[in-house]
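Residue-level structural notes
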Amino acid sequence: MGKKYDVIALGELLIDFTMNGKSEQGNNMFEACPGGAPCNVLALLSKMGRKTAFVGKVGKDQFGTLLRETIREAGIDESHLVEDEEVNTTLAFVHTFPDGDREFSFYRNPGADMMLNVDEVDADFIKNTKIFHFGTLSMTHDAVRMATKKAVDSARDGGCLISFDPNLRAPLWSSLDLAKEQMEYGFSVCDILKISDNEIQFVSGKEDYDKGIAYLQGKYHIPLILLTMGKDGSRAYYKEMRVERPGFSVHTVETTGAGDTFGGSVLTYLLEHNFYELTEEQLGEMLTFANAAAAIVTTKKGAIRAMPKREEVLALMEGQM
C-alpha cells in the first residue's frame, strides 16, 4: 500500500524577524518572515511538487494564525499543527552581518513550539509517509523531546526513511552537553544526515571534516551523510564514496534557510531515485542541484516564502556549469 505523504516533518515553526533597513527616525525595522527549519525543508519540497505535512505547535495568537496560513499557502498539510491556549508563538530576531551571516535572539522561554506533547503526536499519521524529518530544536525540553521520540519510533515502525538535521542553536540549550546528547540520539536513528561544517567539528572534536565524518560513520553507520560548507559547497558520504561539489556564486542578502533548502532539495532527489542504489554520478547531480537551490534562497529574505522553483534552480545550474 502506498504512503499518502512524501515527507512529514516535526519541529519548530516560528517568526524570524529579519532586519529591513531603518525608519525615518533612524530606528531598525524588522520584517516578519515565517520560518523554522523543518517547515523550511517542507516548503522547498512542496515547491518541487511533493506532498508534505507538518507536526508542531504555535500559539493562539496573531503570529500563530499567520504561520498556519503561510504553510497552508505553501502547500503543506497543517492538519496536525496544534495551537497552545496559553503560550505564545516562538519568535526569533535575526541580526544580519555585512557578509550575509547572522546570529539569532530567541524569544522562547517558553515558546509554543516546545509545548508539543506525546498525546499530540498521531503515530498512524506519522507512519503514512515515505520520509520523516526532524531536528534537535524539538528536543531541548523534556515533553517535546518525548513527543519527538514517539514520532521517530512511529516512523521507524512504519518503515519510513528517517532524515535528521541537528541544526544546532547553542542559545536554546541549557547546556551544550545536552545538545550533544540529543544530536547523538539523532545520529543513532537516522538514515539521512545533513550536518554543517561547524556541527561536525562540535560533535566529533575533529578539525578535519573527513575525519569527523569517519568518526560518525564508524560509530553510527549512517547510510548517507551530507556535509554543508556554506559558499564552499557540499559533500556526500555514501557507502565507500565521497563526492564533493562546489557552491554557486550569487549576491547573498542573508543565509537564513540555506541549509534547509539544501536539505529539502536532497530529499526531493532521493524521492526520485533508489536510496539504496545511488551512484557516484547521481550523488554529484544531487549535490549540484541542492547547492544551486540553497544559493538562490540566500538572495532573498526569509525562507518559507523564498523557496525557488525547479526551473530557477536548473537555470542557475546551466548558467554556471
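The name an unreviewed UniProt entry gives the protein is Carbohydrate kinase, with Candidatus Mediterraneibacter pullicola as the organism. In its Sequence similarities (unreviewed entry) section, the UniProt record describing the protein reads: "Belongs to the carbohydrate kinase PfkB family."

**Thoughts on the environment of Phe248**
If you trace the backbone, Phe248 turns up in the loop between strand S13 (241-245) and helix H8 (258-272). In this structure Phe248 comes out as buried when scored by relative accessible area, which is 12%.

**Side note on unusual backbone geometry**
Following Asn109, the chain continues to Pro110 via a peptide bond in cis, the omega torsion being 0 degrees. As for its placement among the helices and strands, Pro110 is situated in the loop between strand S7 (102-107) and helix H3 (123-127). Located in the positive-phi region is His221, a residue other than glycine, with phi close to 55 degrees. Position of His221 relative to the elements: it lies in the loop between helix H7 (209-220) and strand S11 (224-228). Residue classification places His221 among the exposed residues on the basis of a relative accessible area of 63%. We note that Lys239 has phi near 50 degrees; this positive angle belongs to a residue other than glycine. Counting through the fold element by element, Lys239 comes out in the loop between strand S12 (234-238) and S13. Look at Lys239 and you get partly exposed, because its relative accessible area is 48%.

**Brief notes about helix H9 (residues 280-297)**
Taking 1.5 Å per residue as the helical rise, H9 with its 18 residues ought to reach 26 Å, and the 26 Å between its terminal C-alpha atoms agrees with that figure. With 14 of its 18 residues buried, H9 lies for the most part within the structure.

**A short note on the pattern of salt bridges**
The final tally for this structure, using the stated rule, is 18 salt bridges. Lys60 is the salt-bridge partner of Glu85, the closest N and O atoms lying 3.5 Å from each other. Of this pair, Glu85 sits in the loop between strand S5 (76-84) and strand S6 (91-96) while Lys60 is found in the loop between strand S4 (52-59) and helix H2 (62-73), placing the two residues 25 residues apart along the sequence. Judged by relative accessible area, which is 53%, Lys60 ranks as exposed. Salt bridges sharing common partners tie together Arg68, Arg72, Glu78 and Glu83.

**Details of the sheet that holds strand S8 (residues 129-135)**
Strand order in the open sheet formed by 9 strands is S5-S4-S1-S8-S9-S10-S11-S12-S13, with mixed pairing between adjacent strands. Of all strands in the sheet, those bounded by a partner on one side alone are S5 and S13. Each adjacent strand pair in this sheet contributes to an overall mean axis angle of 20 degrees, direction not counted. Here strand S1 (residues 5-10) pairs with S4 via 4 bridges, running parallel. Bridge assignment links Ala9 to a residue of S4, and that residue is Phe54. Helix-sheet contacts for helix H1 (residues 37-47) involve S1, S4, S5 and S8, and the interaxial angle to S4 is about 145 degrees. Along the sheet face, H2 touches S4 and S5 and points at about 170 degrees away from the line of S5.

**Observations concerning helix H5 (residues 176-189)**
In a regular helix each residue adds 1.5 Å, so 14 residues correspond to 20 Å; H5 covers 20 Å between its end C-alpha atoms and thus fits that length. Lining the buried residues of H5 we find S8, helix H4 (142-157), strand S9 (161-165), strand S10 (192-196), helix H6 (197-204) and H7.

**A few points about the nonpolar core**
One finds Leu13, Leu224, Leu226 and Leu270 to be the most contacted residues of the largest nonpolar core, which totals 55 residues. When residues in this core are grouped by element, the largest group, 11 residues, is from H9. If near-sequence neighbours (up to four positions away) are discounted, Leu270 is found in contact with Ile192, Leu224, Phe275, Leu278 and Met286. Among the nonpolar cores identified, the runner-up in size contains 49 residues, and Val94, Val144, Val152 and Phe164 belong to it.

**Describing the side chain of Thr140**
Residue position: Thr140 is located in the loop between S8 and H4. Thr140 gets classed as buried once you look at its relative accessible area, which sits at 6%. There is a polar contact of 3.1 Å between the side chain of Thr140 and the side chain of Arg108. In this structure Thr140 touches Arg108, Arg145, Leu172, Trp173 and Leu178, once residues within four positions along its chain are discounted.

**Things to note about the sheet that holds strand S3 (residues 28-35)**
Read across the sheet, 4 strands follow the order S3-S2-S6-S7 without closing on themselves; strand pairing throughout is mixed. Each end of this open sheet is capped by a strand with a single partner; those strands are S3 and S7. If you compare each strand with its neighbour and ignore which way they point, the axes differ by 30 degrees on average. The sheet contact formed by strand S2 (residues 14-22) and S3 spans 7 bridges and is antiparallel. Bridged to Met19 within S3 is Phe30. Running over the sheet, H2 touches S2, S3 and S6 and is turned about 100 degrees from S2.

Calculation notes
Residues numbered from 1 in each chain as written. Predicted model: local features only at pLDDT ≥ 70, side-chain atom pairs only at ≥ 80, totals over all residues. Heavy atoms only, no water. UniProt positions renumbered as here; feature names shortened; annotations may be inferred. Helix = DSSP H or I, 4+ residues; strand = E, 2+ residues; numbered from the N terminus. Buried < 20%, exposed > 50% of the residue type's maximum accessible area, 1.4 Å probe, protein only. Expected span 1.5 Å × (residues − 1). Salt bridge = Lys/Arg side-chain N within 4 Å of Asp/Glu carboxyl O. Pairing = 2+ DSSP bridges. Axes fitted to C-alpha atoms, helices over the stretch in contact; angles between N-to-C directions. Contact = heavy atoms within 4.5 Å. Core = buried A, V, L, I, M, F, W, Y, C linked by side-chain atoms within 4.5 Å. Polar contact = N/O pair within 3.5 Å; in protein donor to acceptor, adjacent residues only side chain to side chain.

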